[in-house]
Every structure is written in structure tokens, then in C-alpha cells.
Amino acid sequence: MVGRLTALLAALRTGRLTLPYPYQPAPAPRSYRGPPVFLDDCIGCGACTYACPAGALSLRYLAGDDVVVLEHSVARCIFCMLCADVCPMEAVRRTSVYELATDNPAELVQRLEHRPAHCADCGAAYSTLRAVSEAAGRVGGIQRYMLRCPGCRAVEVASVIASSRRGGGLA
Amino acid sequence: MRDPPPGETLAALLRLAGLRDCREEGGGVVYCRAGAGEGIRAAARLHEDSGCRLTTCLAYDYRLVDGSFHVVYVFDCPRLGRYIDIDIAVSDSSIDSLAAVLETMQCKWCEWEIRDLYGIGFRGHPGRGRLVLPDSWPEDYHPLRKDAPSRPPRLERPARRRARGPGLPLGPYHPALHEPEYFELEVEGERVKGVRYRGFFVYRGIEKLAEDRFRAEQVPFLAERICGICGFVHSTTYCMAFERAVGIEVPERAKYLRSMLLEIERIHSHLLCTAVMLHAAGYDTGFMQLMAVREEVMSVAEELTGNRKTYSANTPGGVRIDPDDSLVREAVERVSRAAEKAVKLARSFLEVSEVYTRLEGVGVLGRRDAWRHGALGPVARASGIDVDVRRDHPYAAYGSLEFEVPVRDEGDCLARYLLRLDEVLESASILRQIARSIPRGPVVNRDYDYAELRVGQAASEAPRGECIHYVITGVSGRLWRWKVRAPSYNNIPLLELMLKGYLVADAPVIISSIDPCFSCTDRLIRVKRVG
Ligand code: SF4
Ligand code: SF4
């Protein structure tokens, strides 16, 4: 009997806790880690795509290498903010939205388009113009290697070694 | 706890067990190599009369490195503050079963799992059929081998199995906790006479996934998702194992922050468990009231880390949050007050005689069984086993914090209920100490080099008991092996002993009293291939 009274008192003291949501909004606390948004400061360097543990980010070369697209999928994202940690441009902003349900899957994808940088030797797209110019800005000028794709850079290194070799071996 | 000088007794112990090739590494883990026969003999001797007991076993495929599989038996020696690993190289794909010698549950399960996943035979092992994999899984496909085909096999439709006798099905979805597990109770009238358990319905190979697709510094985020309640334990334990493997010093402040989040997690986990026990006993008023108070703890976690449960706060080398002192103080105060309020409420619910009688004297687990079969955490401590990783093998900031380890002797549901409440109060006191003494400084150390093929093992006291992660680093920043042993893995098989002799109606209460986490045990994770 005593026990039941205690429980009743506790229940009365607690009162009613149910919120009138969704008839009234119930915003998440400011500290809530919601999905990231990618700002225009992005240079398309791809650091975030490498860091992302969930495979929510991709950097793809589309339309015959004429455009580079950074794509973020909220459906895959686990809201860990590693992308924000590694971004050199502070181009990732955390949001506190949580009502993400939608009947239009396109709303779950954010795209940023970049102009690609083409390799000075072979012409293939290998980075974005903004990433190259940012890199040049950071080291005080364009360096030869910045204008070449990783493949051509490797070839160049190999041929430097080959041409300086004295005697022996093939070609 | 550690009165005899540890060095001497450890050496004596290893001599007694006949282990010669041993080296001690960071974190108090002693790695010993042994041949098959010698290793099993040593393991049997260690488990029987040394104050140590087998906590789990695991395997890894090292054929590409040294030509063999390895089976590792992990022993917890609480009085020495050490773990002893007996690492046996298996060259001819089968060894003698230790479970056949010890006849204990934890050993039966872990060897059985290795047989399923690696195809290593254990001569004399008592298990028939499959433990982890579906019954219709092909015999020659061992998913955790390094050369396993990347496509899953086509499964036959399982043959309909005839129940062996009059079994009462409990599950697969709803006894006590709403998770996939299945108990078949053999009953005589209302009494349970025997229990058969089938779980692992949601085993998805999370360890394999990490080895194949994740870099070591990304794994904490996967580890955190092993459990829907105590995820931070898993990410912390993984990080500690990895930190030991490659030799990373973690800053003091990060250790305190880890301990703080771990205790917050313990509080909300224990409150959930007590609430669910009340629910299983049919007392939903209690359930609702406790869950309402627990909500405060969840909000504090959200303010500290950005999420109620998935904190994403760990990274190898430290943590990713750095709350200022006033926030820490306020958070700790709010959590402690909620904890105290909840404990008072939960104790008062026992005055309701219907609740009390549903818990008292029900589901008793004896002390000897609890020790031998490897019971962990509150289940062990409510049966008189005085173990707690935080005290016996200090990690994070626990070495510098003072706390009691509550132990009770009754071993019934009531003892497990009350013990958790005592632990909640201890956690609150730990939190207050942290708020008073947390040092200033950096929260993460990123100054380390990846090292290949190194072993690291870490243990932590999760809300449900000792959680073990075992890591072998691989090449190009990935892991060679990652093994997760959650506490419920040891506690669930003990339900067989706890359910026997009690009423069918008690089964949900008993099951919820061990606070089983089936997703930890099964290591569930939902994944889809990325394009
Ligand atoms: S928040 Fe995490 S999961 Fe989401 S895009 Fe960024 S790194 Fe990937
Ligand atoms: S600039 Fe930042 S957001 Fe853009 S690709 Fe690089 S890391 Fe990602």
C-alpha cells in the first residue's frame, strides 16, 4: 500500500511530459550534431571524401571530365563531422536539423560543382582549378608538379632517374 | 587487491602453468606463445586453480604472415592486475578443445564461433551444428579467413527442424528486450526444465567489414555503432587497443573526458535496465517514471557531445570534445542529481509487493557457476564475484579516481536490480570527482606513426561487464584483425542456468535482469555496399 502511494506521488509530481510535437516545433539543442552543409568556400580538394567513414561523400569527374562534383548524401551520413575536422577551407558547417524524412530522395543529396584542372602533359582531369590555385597561394606560386596529374608526375620522376643513369640495363 | 608483489607471483603463475615464451606489454597484458598441446594444458591449469579465469578466446588468420592460424585464449587475473593471452599457432586446422576439458559456457561459445568463422576444428567440442552462421551455411565457406570469397554464398532454404520434445518458443523478437533472440523452453507444467538458445540472427561480420573497408582511425565510428546503448564503451575500448598496438600516449585530460562519458553512459544504461526489468515484471508505472528521469541524462550527453547516444567523441590518441570547466561542472551536477533521484524512485518501487516478489529469489545464479562460466559485470557481482575492470585493470582516468565496487551475494534478480542502483550512485560520485579534478591541457595526441602487424588488447568495464577489443594492425593504415567480445556474450549462455527451475512467467524478468545486449553479442551493423 505504502509503495503504491509512493509511486502515485512520484507520478503526480512528474506530471505530464508529453510535448505537443509535431503540432508545435521542438527544436534540437544548439549543440546537436545534425547533417553538415558544404559552403561555397569549398575548393574541391577531396580531403573530406577521404576522411569520411561512412562513404557519404564523393568527388567525381563528370561530363567527359568537364566538371567535378562533390556530392554529399544525407542518407549515408552519420553526422560525425570528420569532414569538418579535415577541411582546409572551413567550408563545412554543422547544422542542427533533424527532421530529415522526405518523399523526394533528391533532397537528401547536396552537390557542389567545380571546374577541373587538366594535366599539362596528358590533359586528363586530376583536380579542380580552385584546389590548384589555393595550393599555389599557400606556397607562394605555381609549382611544376601542381599542373600535372599523379600519373604524369610518376612518369616524370621515373624518366629523371632513367636519364641520369649511367650504363647497364635496358633502355 | 594486489597484496602479493605482482612480478613474483606472475612469474610463479606462468611457471605453474608451464608457459615459457611470455612477454608483458602495455596495459598489463601478458602475451604467451605455446604449442597446441602445451597451450591447452596451460589454459586448463590457469582456469582451475590460480585466481585467473578464462574470459574469452579468439582467432586470427596469419597464414600470409607466418603460415598458420592462431587461437588465443584470454585469461583475466584480477588479483594480479594482468591479462594472460595464450597464443597457439594452429598448423593443421584442428586442435584439442579446451571447452571439452573445462566444460564451461564461455569457452564453448568462443570456440564454437571460431569453428564457424575460421573453420578451425576443436576436437571434442560439445557444440553441434552452428552457433553464429545460419544452419544452411555451406561447410567449406569460412567468412573470416583472409581468402574467403567476397560474395556471400547462396543459402539453401533451411530444412524444417522438428522441435525436440515439447518446446515452448520465446522469441525470436520479444522476450524482455525487443531484439532478435530465440529461446526454446522445455517445460513441465509451468516449470522450465531446459533451455535451448539460438541467437546471432543479425551477425553481419562487422569485424570483417572493418578489416576490409575502414582505415584504423575510422573504426571508432563503426565500433560505436555495435551497441545502441553503450556505444562509447566500444569506441573507447577499440581506441585503447589501437593506441596500445601502435604506442600512442593519450593526454590526461582526454582520459578524464573518456571516464566522464563512460560513467554518464553507465548511468543511463543501468537506468534503462532497471526500467526494463520493471516493465518485464508488469510494472509500467515504474518503467515510465525511470525513463523520464533518464531523459535528463540523455540531454546532458547531447549537450556535451552533440548526440544523446552516439557521441562520436573518440579518436585514436584522445577525444574530439573539449568542454569548458563550467559546462563540465554543470553537466556532472545535472547527471548526478538525476541519478540520485532515479535511484530513490527505483528503490521505492520495491515497496510495491507485486514487484518485489517477482524479483526476489528468482533466477538465482550461484557463485561457483558465475566464476567458472565467466559471468561478467553486474551479473557476476550480484553473485558474489568481486571483479571490476575499472579497479582491477585501471584504464582511462580510473587509476586516479576513488570508488567502491558493490558486490552482493544473493545472485537473484533482486540482487542484480539493487546492485545496479548502487553502481549508479558510485558513478555519480565518480563524476563529481572528475568535475573537481579534471586537468587542463590538450585532448588529443595526433603525433604518432602507424606501425604494421602490432598487437593491442584492451578491456573496459562496460555497463554490462568486461568488454574486450583485440587489434592487430595491418598494412596501409588498415587492420589485420579486430575482435570484439561484448560482455553479454558471456552472460547470455548463463541464462540456461538461471531459467532452469523457475516459472515460465519469470523468464522475461530473468532475461531482462542480465541486461542482455543482443546486438553487441551478435555484432550487428547495417551496411550496404557503396557503389
Ligand atoms: S559528417 Fe561524417 S559521415 Fe557525414 S559526410 Fe561528414 S565525414 Fe562523412
Ligand atoms: S574544401 Fe573542404 S569541403 Fe571542399 S572538398 Fe576539400 S575538404 Fe571537402
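This structure is a prediction, so every number in the text was calculated from the model and none was measured. Residue positions are given per chain, counting from 1 as you read along its sequence in written order. Note on labels: chains are lettered from A, ligands numbered from 1, in written order. Since the coordinates come from a predicted model, pLDDT governs what is reported: local features require at least 70, and pairs of side-chain atoms require 80 or more to be given and counted, while whole-chain, interface and lining totals use all residues. Hydrogens and waters are ignored; side-chain quantities use all the structure's heavy atoms.

A few points about the overall build of chain B
No. 1: The helix and strand inventory of chain B stands at 20 helices and 15 strands.
No. 2: For the radius of gyration, the atoms used are the C-alpha atoms, and the globule rule reads 2.2 Å times the number of residues raised to 0.38. In terms of overall dimensions, chain B is globule-like: its C-alpha atoms have a radius of gyration of 22 Å, near the 24 Å expected for 531 residues.
No. 3: Buried residues are those whose accessible area, probed at 1.4 Å on protein chains only, stays under 20% of the maximum for their type, while exposed residues exceed 50% and partly exposed ones sit between those limits. Each of the 531 residues in chain B was classed as buried or not, and the buried ones make up 63%.
No. 4: Two residues form a contact once any of their heavy atoms are found within 4.5 Å. Considering only contacts within chain B whose residues lie at least 6 apart along the sequence, 69% involve residues at least 24 apart.
No. 5: Element-wise, carbon and sulfur atoms account for 49% of the exposed surface of chain B, whose accessible area totals about 20100 Å². Per the convention used, a helix needs a DSSP run of H or I reaching at least four residues, while a strand needs a run of E reaching at least two, with both numbered from the N terminus. Under the convention used here, a 1.4 Å probe and the Shrake-Rupley method define accessible areas, while residue burial counts only the protein chains that appear.

Observations concerning the site of ligand 1
No. 1: Surveying the vicinity of ligand 1 reveals 14 residues, the closest of which are A:C52, A:C77, A:C80, A:M81 and A:C83.
No. 2: Note on residue categories: nonpolar means Ala, Val, Leu, Ile, Met, Phe, Trp, Tyr, Cys or Pro, charged means Asp, Glu, Lys or Arg, and polar means any other residue, Gly included. Its residues assigned to classes, the shell around ligand 1 shows 13 nonpolar, 1 polar and no charged. Residues are classed as near a molecule or strand on a simple rule: at least one heavy atom within 4 Å of it.

Side note on the interface of chain A and chain B
No. 1: Tallying the contact residues gives 24 residues for chain A and 27 residues for chain B.
No. 2: The quantity reported as buried area is the accessible area (1.4 Å probe) lost by two parts once they are put together, taken as the sum for both. Buried surface at the junction of chain A and chain B, both sides included, amounts to about 2000 Å², of which 49% is carbon and sulfur.
No. 3: When the buried area of chain A at its contact with chain B is split by residue, A:R4, A:R33 and A:P53 rank highest and sum to 24% of it.
No. 4: The term salt bridge refers to a pairing of a side-chain nitrogen on Lys or Arg with a carboxyl oxygen on Asp or Glu at a separation within 4 Å. Connecting chain A to chain B are 1 salt bridge.
No. 5: Secondary structure elements with two or more residues in the side of chain A that touches chain B: helix 1 (2-14), helix 2 (47-51) and helix 3 (82-86) of chain A.

A short note on the site of ligand 2
No. 1: Taken together, A:F38, A:C42, A:I43, A:G44, A:C45, A:G46, A:A47, A:C48, A:C87, A:P88, A:M89 and A:V92 make up the full set of residues near ligand 2.
No. 2: Within the shell around ligand 2, the residues separate by chemical class into 10 nonpolar, 2 polar and no charged.

Some thoughts on the domain arrangement of chain B
Residue and element names in this part refer to chain B.
No. 1: The start and end points of each domain follow an automatic or database-based domain assignment. Assigned domains within chain B: domain 1 (10-123) and domain 2 (206-522).
No. 2: Here domain 1 and domain 2 have C-alpha centroids that lie 26 Å from each other.
No. 3: Facing the 37 residues of domain 1 at the interface are 33 residues of domain 2.
No. 4: Carbon and sulfur atoms make up 55% of the area that domain 1 and domain 2 hide from each other, which totals about 3000 Å².
No. 5: For the domain 1 face of the interface with domain 2, the top three residues by lost area are R53, M105 and W109, together amounting to 25%.

Quick look at the confidence of the model for chain A
No. 1: Every residue is assigned a pLDDT by the predictor, reflecting its confidence on a scale from 0 to 100. On average, chain A scores 91 in pLDDT, and the residues at 70 or more come to 95%.
No. 2: Here helix 1 of chain A stands out as the element of chain A with the lowest mean pLDDT, 82, in contrast to strand 1 (residues 36-38) of chain A, whose mean of 97 is the highest.

Brief notes about the packing of helix 9 (residues 252-280) of chain B against helix 16 (residues 413-437) of chain B
Residue and element names in this part refer to chain B.
No. 1: Contact geometry of helix 9 with helix 16 gives a least axis separation of 9 Å together with a crossing angle of 155°. In terms of axis orientation, helix 9 runs roughly antiparallel to helix 16. Pair helix 9 / helix 16 crosses with left-handed handedness.
No. 2: When its residues are assigned to classes, the contact of helix 9 with helix 16 shows 16 nonpolar, 5 polar and 4 charged. Throughout, an axis means a line fitted to C-alpha atoms (over the contacting stretch in the case of helices), and angles, computed between N-to-C directions, take values from 0 to 180 degrees. Working definition: roughly parallel below 35 degrees, roughly antiparallel above 145 degrees, roughly perpendicular at 65 to 115 degrees, and oblique for all remaining angles. Here a crossing is called left-handed whenever its near helix is offset anticlockwise from the far helix by less than a right angle, and right-handed whenever the offset is clockwise.

Side note on the nonpolar core
Residues and elements named next belong to chain B.
No. 1: Residues grouped as a nonpolar core are buried Ala, Val, Leu, Ile, Met, Phe, Trp, Tyr and Cys residues, joined through side-chain atoms within 4.5 Å. Among the nonpolar cores identified, the biggest contains 189 residues, and Y73, I84, I86 and W482 are the most heavily contacted of them.
No. 2: The leading source of residues in this core is helix 9, at 16 residues.
No. 3: Each of domain 1 (10-123) and domain 2 (206-522) contributes no fewer than three residues to this core.
No. 4: Contacts of I84, omitting those with residues within four sequence positions, involve L10, L13, L14, L19, V30, C32, L46, Y73, V74, F75 and C77.

Describing the packing of helix 10 (residues 284-305) of chain B against helix 11 (residues 325-349) of chain B
All names here are of chain B.
No. 1: Relative orientation of the contacting elements helix 10 and helix 11 amounts to 170°, with a least axis distance of 10 Å. Between helix 10 and helix 11, the angle falls in the class roughly antiparallel. Here G286, Q289, L290, V293, E296, V297, S299, V300, E303 and L304 of helix 10 lie close against helix 11, whose contacting residues are L327, E330, A331, R334, V335, A338, K341, A342, L345, A346 and F349.
No. 2: The residue inventory of the contact of helix 10 with helix 11, partitioned by class, reads 13 nonpolar, 3 polar and 5 charged.

Side note on the sheet that holds strand 3 (residues 53-62) of chain B
All names here are of chain B.
No. 1: Note: two strands are recorded as paired if DSSP finds a minimum of 2 bridges between them. Strands sit in the order 1-2-5-4-3 across an open sheet of 5 strands; the sheet is mixed. Only two strands of the sheet have a single partner each, and these edge strands are strand 1 (21-25) and strand 3. Geometrically, the sheet is characterised by an average inter-axis angle of 20° between neighbouring strands, direction not taken into account.
No. 2: Pairing between strand 2 (residues 29-34) and strand 5 (residues 82-90): 6 bridges, direction parallel. Bridged to V30 within strand 5 is I84.
No. 3: Against the sheet, helix 2 (residues 36-48) contacts strand 2, strand 3, strand 4 (68-77) and strand 5, and its axis sits at roughly 155° relative to strand 5.
No. 4: Those strands touched by helix 5 (residues 105-118) are strand 3 and strand 4, and its axis lies near 10° from that of strand 3.

Some words on the state of the cysteines
All names here are of chain B.
No. 1: Our working definition of a disulfide is a cysteine sulfur pair at a distance within 2.5 Å. This model, assessed by the stated rule, comprises 3 disulfides over all chains.
No. 2: Linked covalently through their sulfurs, C22 and C32 form a disulfide whose S-S length is 2.2 Å. With the S-S bond torsion at 110°, the cross-link from C22 to C32 turns out right-handed. On the criterion of sequence distance, the pair formed by C22 in strand 1 and C32 in strand 2 is long-range, its members being 10 residues apart.
No. 3: The exposure class of C32 is buried, given its relative accessible area of 1%.
No. 4: Disulfide pairing places C57 opposite C110 at an S-S distance of 2.1 Å. Linking C57 and C110, the disulfide has an S-S dihedral of approximately 110° and is accordingly described as right-handed. Placement of the pair is C57 in strand 3 and C110 in helix 5, with a sequence separation of 53 residues. The two residues C57 and C110 agree in class, both being buried.
No. 5: Disulfide connectivity for chain B, with bonded cysteines indexed by sequence position, reads 1-2, 3-5, 4-6.
No. 6: Cysteine C413 is unpaired, with the sulfur of C273 as its nearest cysteine sulfur at 9.8 Å.
No. 7: Taking relative accessible area as the criterion, C413 reaches 0% and is therefore assigned buried.

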